[in-house]
Amino acid sequence: MKKAHFSRDTLRFPQKDFDMVKEGTISLGIVAVVVLGLAAAFGAPYRPAITNQQIAQSNPVLFAQTAMGDLDGTGAMAQYGPPYNNGFHGQPPQSTQSIAGFSPETWWGTPYPLNTAQDDVLQPLTMLAKASNNANLLSAVQQYEAAPFSQQMKWDQNMEKALTKATAQGGQLVLPTGDYGPVSTLISAEVSLGQSGLFSGALNRETNQGVYRYNVQNDLLFLQGATLHKIAGQLNMKGEQWGINHDEQAYPGPWWLTPYTFLYQIPPWSVSSAGDEMAAYTVAILFLLLILVPFIPGLNKVSRILPVHRLIWRDWYKHLEQTGACSTCPFKEGCAKEFRDATAAVAASQNGEVPGCYRPLSHPLPSPTTVASHTV
Amino acid sequence: MNWTRALRTKASEQLTWDDLLPSEQPVYVSSLVYSLGVLTLSSFVIVVASGVIMASKGALWYQTSSLGDFFRSIHFWSVQAFFFAMTMHLVAQFFMGGWREGRAFTWILGALLFGLSVVEAFTGYLSRGDFFSQWNQVQSKDAFNGAGVDGFLNVLNNGQIYGIHIAVLPLILLLFVGWHVLEVRRKGVVPPYQAKVSK
Ligand code: HEM
């Protein structure tokens, strides 16, 4: 059944000639010319990726420190927690974010397992030892693995301390003498493996179940801490430097992320240890508000109150004034409110009266849609 | 009820050729603001076209050859044009109250398009395969993990990210863009706010 509802149907307004296909074609042409011009003139930003090999060659000490952090559990990824692991050696995870106990990060267990000591050091070195028939390296790995945890930690801590004083000569680590057990053999082999370029291959093999495929998790996570932060800091790319909001060269970046990156500049987001989680849910709530604008009382009236629409439709309002359409309109009063709320207007329309801004119905409307009313 | 007949009736009533390809518009449709949606659509066409060409040649091509680099630049700048036009379109539709009189769903589809486009662009930045990708991957992992998306998404898995970027989200975007434009055509262009009645 069709309700006699006052519908402000667009076909009842005066019409004018309009060529949609032509407009679309012209628009596509303009965009194509502008975009091709910009592409030809400026290209697009590209800075070659950083590899483990580069770091091992240019800064062997940093590379060794990263490997040590992975081996002895002081590295950020070693202690991260879900989705990679459950912390290091029975200690609780260090990077789990939580808002008052709400911690969805932990819901899925460890779908992307990463045991940094095994995956970043011991396993690649075992592969290297086998590949090069290096009995000395293989027994160093075995000696380390067989030693009790407290002994491992003693060697590791000595090495950590030594690395703060270590230097690099001709690409090789130079360490002060000390009690490192097998760890000095491990670390110098790790640096050589990194310098050879095969280290990335070993890590990629792990995250792709033995086949070279697309998952670069372990390879990239080896670099994720001090190494990439140092380089990113030089490029003004860190989170507190508006990070991903700008590209790393003089090009426009993803500026549409501004509402999100803005949060990282101000407390509480910038200081909380759950800052990422808070920012994600804040943006989710803002996005929900955007979707629901039509239904949010007040927000959906802002555009009626602000006169910007007077400017956009200025030709129309001028037309109404010139033709005097409104002064003769039977809905003059109701029209000051929203059209379809005006009960008087509904009643009048049933009497066959027509708003002043509608065209006279001398010819029939072209489609049956005019009767169907859509209420939202 | 015969579903087929119901669908046909509804479609032929609400989506006539006159609605779909109108050669007339109400006289109030008189502003460059109305071109913003069309400009968004045009940039989207170029984004998709350059993306399809890049995908068909593969990552090495657009990262190492000069022709590939040119297409990557086209993709890059058309994305900038797309977001520029879309943001202006959104702001304009806000000030025009484009959701009025039965057009709320058109707005909702538009807002969803905005959100999906942001995610689509992000997966694109991760697929660039350069330092910017690396850095955004390791930085954003904490945000995705912290939000609990880690159960579905491993941002360090380039295969997953690339698949989402070139297939999953583009298909959803195409569907939603088509739907959005159909909704606009079905309802007709939203009438202006009422004039101030001068006494
Ligand atoms: C992929 C992105 C988008 C495309 C390709 C697109 C395309 C279009 C086109 C071609 C039109 C008709 C012409 C015009 O009025 O400009 C339109 C209308 C509209 N758009 Fe979008 N749009 C997009 C995103 C959005 C967004 C982000 C919003 C707001 C949240 C939005 C809200 C609207 C509304 C409410 C209308 C109806 C206007 C009316 O009835 O007069 N759109 N869109």
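In the block above lies the structure referred to throughout.
Residues numbered from 1 in each chain as written. Chains lettered and ligands numbered in written order. Predicted model: local features only at pLDDT ≥ 70, side-chain atom pairs only at ≥ 80, totals over all residues. Heavy atoms only, no water.

**Side note on the packing of aromatic side chains**
In step 1: Within the structure shown, the criterion is met by 33 aromatic pairs over all chains.
In step 2: Ring centres of A:Phe63 and A:Phe222 lie 5.0 Å apart, and the angle between their planes is 50°; on these two criteria the pair is classed as tilted. Placement of the pair is A:Phe63 in helix α3 (residues 60-72) and A:Phe222 in helix α9 (residues 217-223), with a sequence separation of 159 residues.
In step 3: Summarising the aromatic geometry, the rings of A:Phe102 and A:Tyr281 are spaced 5.6 Å apart at their centres and angled 65° between planes, so their arrangement reads as edge-to-face. Residue A:Phe102 is located in the loop between α3 and α4 (116-131), and its partner A:Tyr281 is located in helix α12 (residues 275-291); the two are separated by 179 residues in the primary sequence.
In step 4: Owing to a relative accessible area of 30%, A:Tyr281 belongs among the partly exposed residues under this scheme.
In step 5: One aromatic cluster is present, built from ring pairs that chain together A:Trp255, A:Trp256, B:Phe44, B:Phe82, B:Phe83 and B:Phe114. (Phe/Tyr/Trp six-rings, centres within 6.5 Å; stacked < 30°, edge-to-face > 60°. Helix = DSSP H or I, 4+ residues; strand = E, 2+ residues; numbered from the N terminus. Buried < 20%, exposed > 50% of the residue type's maximum accessible area, 1.4 Å probe, protein only.)

**Side note on helix α8 (residues 198-207) of chain A**
Residues and elements named next belong to chain A.
In step 1: In terms of burial, α8 is a largely internal element, eight of the ten residues being buried.
In step 2: Buried within α8 we find Phe 199, Ser 200, Gly 201, Ala 202, Leu 203, Asn 204, Glu 206 and Thr 207.
In step 3: Looking at the buried side of α8, the elements it contacts are α2 (52-58), α3, α4, α7 (183-196) and α9.
In step 4: Immediately downstream of α8, the backbone of Gln 209 shows phi near 50°, a positive value. (Contact = heavy atoms within 4.5 Å.)

**Quick look at the interface of chain B and chain A**
Reports of interface size often rely on the accessible area that becomes lost once the parts have come together.
In step 1: Counting residues at the interface gives 101 residues for chain B and 110 residues for chain A.
In step 2: For the pair chain B and chain A, the summed buried area comes to about 9300 Å², and 66% of that belongs to carbon and sulfur atoms.
In step 3: Interface area lost by chain B to chain A is led by B:Trp77, B:Phe131 and B:Gln194, which between them contribute 9%.
In step 4: Counting every contact that joins chain B to chain A gives zero salt bridges. (Buried area = accessible area lost by both parts, 1.4 Å probe. Salt bridge = Lys/Arg side-chain N within 4 Å of Asp/Glu carboxyl O.)

**Some words on a negative patch on the surface**
In step 1: A contiguous patch of negative charge on the surface is contributed by A:Asp17, A:Asp19, B:Asp18 and B:Glu24.
In step 2: The residue B:Glu24 is located in strand β1 (residues 24-26) in this model.
In step 3: The exposure class assigned to B:Glu24 is partly exposed, which follows from its relative accessible area of 42%. (Patch = residues over 30% accessible without salt bridge, like charges linked within 9 Å, V, L, I, M, F, W, Y side chains within 5 Å. Areas by Shrake-Rupley, 256 points an atom, 1.4 Å probe, with all protein chains shown as cover. Lys, Arg positive; Asp, Glu negative; His and termini not counted. Charge placed at Lys NZ, Arg CZ, Asp CG, Glu CD.)

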